[in-house]
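# Observations on chain architecture
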Amino acid sequence: MKKILVMVLLFSSLVFGIESGERLYQISTIDALLAGHYDGDKTVSHIKANGNFGLGTFNGIDGEMVVDDGIVYQVKSTGEVLRVKDDLGVPFAAVHFFKADFSEKLKDINSYKKLKALLDTYEQCKNYPCGFKIEGDFNYIKTRSAPKATKPYPPLVKHIVETQNFFKAKNIKGTLIGYYLPKYFAKFNVAGYHFHFISEDKKFGGHVLEVDLNNGKIDLDKLYDLDIALLKTKEFEKGTLKVGEDDLDKVEKDIIKK
Ligand SMILES: [Zn+2]
C-alpha cells in the first residue's frame, strides 16, 4: 500500500512538475548559434512536446519563431507570418508550458527601456528565469527578422547585420512572448530580456527591438528547472564554438539601427 502511495505521489509530482510550467527547455546554446550552427536535429513537433510558449528560430535562421498557446509561428524575413509544419527543423529555441504565477495590468510603458525597468522590479525573477507574456494594445512596435542563410553559413552577427529586415507597426493588438534569464545563463542563452512579438491577427511579428505599450496585462511564470538539448549533428561535434565577446550584443540588443 505504501509503495502504491509513493508511486502515485511520484507520478503526480512528475505530471504537475511539467504542467505547472517550471521547466525551461532549450535547444542548443547561443554560442553554437553565434558560431553558425544553423541546422538542428530537432523539429517543431519536438518543440510542441516541450512547451506551448517561447521563442527561437528555424533551420538556416529562416525567420523568427514565436510559440503562443501551443501554435508555432514563423515570421519570415519578408514580414509574412506562417503557421509552420511539424517537420521543420529547429537549431535554437527556448520554450516551456506557460502557467502564470502572477498577473497585473500595465499602462503607458512607452519604451523597451521602460518595460525592462518595470520587469526589473519583479524581485521573484532576480535569480530565476522567468517567462513573460504581455498582451495588450501597442501604440508602436518595431521588430526584425532575417532571411534563411546559405551554406557555408556565416557567423550569426554577420548574417543578421547584413540581411535583417525591420518592421514597424502602429496601433496594433498583440502579445510579447519572452524570457528574463539571469546573468549566469549567459554561457548558454541570451542573458537579460529577449522578446518576440505576434499580433492578434497573426499577421505581424518578429524579434522585438522597440515597444510602446498603451495598456495591457502581464503574466509572469517563474521557472526552476533547465533542460538543454545539445545539437546531435556532425557539425556541432566537430565545429568550433569560438565567437567574439561583444557579438551577442550586436545581434540581440537594440543597438542595430538602419
Ligand atoms: Zn530573438
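The coordinates are above.
As the structure is a prediction and not an experimental result, all values here were calculated from the model.

## So, the pairing of strand S13 (residues 205–222)
Counting buried residues along S13, 14 of its 18 residues qualify, which places the element largely inside the surrounding structure. Pairing of strand S9 (residues 102–109) with S13 involves seven bridges; the strand directions are antiparallel. Within S13, the residue paired with phenylalanine 102 across the bridge is leucine 220. Pairing between strand S10 (residues 130–145) and S13: 14 bridges, direction antiparallel. By the bridge assignment, glycine 131 is partnered in S13 with aspartate 221.

## Looking at the packing of aromatic side chains
A full pass over the atoms with the stated rule returns 13 aromatic pairs. Relative to tyrosine 193, the ring of tyrosine 180 has its centre 5.0 Å away and its plane inclined at 45°; by these criteria the two rings are tilted. Taken together, the residues span a long stretch of sequence, with tyrosine 180 in strand S11 (residues 165–181) and tyrosine 193 in strand S12 (residues 192–199) at a distance of 13 residues. By relative accessible area, tyrosine 180 is classed as buried at 16%. Residue tyrosine 193 is classed as buried on the basis of its relative accessible area of 13%. The ring centre of phenylalanine 166 lies 4.8 Å from the NZ or CZ of lysine 142, which sits over that ring.

## Remarks on the coordination of the zinc ion
The protein atoms that coordinate the zinc ion are His194 (NE2), His196 (NE2) and His207 (ND1), at distances spanning 2.1 Å. All donors of the zinc ion come from a single chain, and their spacing in sequence reads H-x1-H-x10-H. Of the two residues, histidine 196 is situated in strand S12 and histidine 207 in strand S13; the sequence distance between them amounts to 11 residues. For histidine 196, a relative accessible area of 1% puts it in the buried group. Note on histidine 207: relative accessible area 1%, which makes it buried.

Conventions we followed
- Residues numbered from 1 in each chain as written.
- Predicted model: local features only at pLDDT ≥ 70, side-chain atom pairs only at ≥ 80, totals over all residues.
- Heavy atoms only, no water.
- Buried < 20%, exposed > 50% of the residue type's maximum accessible area, 1.4 Å probe, protein only.
- Helix = DSSP H or I, 4+ residues; strand = E, 2+ residues; numbered from the N terminus.
- Pairing = 2+ DSSP bridges.
- Phe/Tyr/Trp six-rings, centres within 6.5 Å; stacked < 30°, edge-to-face > 60°.
- Lys NZ or Arg CZ within 6 Å of the ring centre and 35° of its normal.
- Donors = N, O, S within 2.8 Å, 3.2 Å for Na, K, Ca; no water.

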